[in-house]
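# Structure at a glance
What follows is each chain in one-letter form.
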Amino acid sequence: MKKILLSCLVFIGFFCIKIGTGKASFLEKVPLSDENWYLVILGFVLVGIGLLGFCLLPQKKELSPDTKICPRCETVYDHKPRQDEKCPKCESKLEELKGFYDRHPEKRL
């Protein structure tokens, strides 16, 4: 949903720049004057906000096959913490993260 909103901001920004500079092919030519300079500035601001938003969106992290979770304290480990596969905090046996919340629906928020 955020990507759609940011895409719309960028599109509207480019549209404002085109109208403000008089380069919108489907509208009659409008010379850049004191009346439409604000459209160019608004366009650059909208494009900037949209592109900045894309850069700040969180990236989905790929799970490694060794990603484990402790069922008691729900701490996630990207590597094997120990050879016996026990949680260093509470000594519970670790499980694979993939499918953990399907196996334990009561742990879902």
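The shown structure was predicted, so the numbers you read here are calculated from the model rather than taken from an experiment.

## Points about a nonpolar patch on the surface
A surface patch of nonpolar side chains, about 510 Å² in accessible area, is lined by Trp37, Tyr38, Ile41, Val45 and Ile49. Relative to the helices and strands, Tyr38 is located in helix α2 (residues 37-56).

## Describing unusual backbone geometry
The backbone phi angle of Glu74 is positive, close to 60°, even though this residue is not glycine. Of note, Glu74 is situated in the loop between β1 (68-69) and β2 (76-77). Its relative accessible area of 32% is what places Glu74 among the partly exposed residues. You will see that Glu91, though not glycine, has its phi angle at about 65°, which is positive. Residue placement: Glu91 occurs in the loop between β2 and β3 (95-96). The class of Glu91 is partly exposed, set by a relative accessible area of 42%.

## Some words on the packing of helix α1 (residues 2-21) against α2
Look at α1 against α2: their axes get within 7 Å of each other, and the N-to-C directions meet at 155°. With respect to each other, α1 and α2 are oriented roughly antiparallel. Where α1 crosses over α2, the two elements pack in a sense that is left-handed. When the residues that make up the contact of α1 with α2 are grouped by side-chain class, the tally is 17 nonpolar, seven polar and one charged.

## Points about the packing of aromatic side chains
What the rule picks out here adds up to one aromatic pair. For the pair Phe100 and Tyr101, a centre-to-centre distance of 5.0 Å together with 85° between the ring planes defines the contact as edge-to-face. Residue classification places Tyr101 among the partly exposed residues on the basis of a relative accessible area of 30%.

Here is what the cut-offs are and how they apply
- Residues numbered from 1 in each chain as written.
- Predicted model: local features only at pLDDT ≥ 70, side-chain atom pairs only at ≥ 80, totals over all residues.
- Heavy atoms only, no water.
- Patch = residues over 30% accessible without salt bridge, like charges linked within 9 Å, V, L, I, M, F, W, Y side chains within 5 Å.
- Areas by Shrake-Rupley, 256 points an atom, 1.4 Å probe, with all protein chains shown as cover.
- Salt bridge = Lys/Arg side-chain N within 4 Å of Asp/Glu carboxyl O.
- Helix = DSSP H or I, 4+ residues; strand = E, 2+ residues; numbered from the N terminus.
- Buried < 20%, exposed > 50% of the residue type's maximum accessible area, 1.4 Å probe, protein only.
- Axes fitted to C-alpha atoms, helices over the stretch in contact; angles between N-to-C directions.
- Parallel < 35°, antiparallel > 145°, perpendicular 65-115°, else oblique.
- Left-handed = near helix turned anticlockwise from the far one by under 90°.
- Nonpolar A, V, L, I, M, F, W, Y, C, P; charged D, E, K, R; others polar.
- Phe/Tyr/Trp six-rings, centres within 6.5 Å; stacked < 30°, edge-to-face > 60°.

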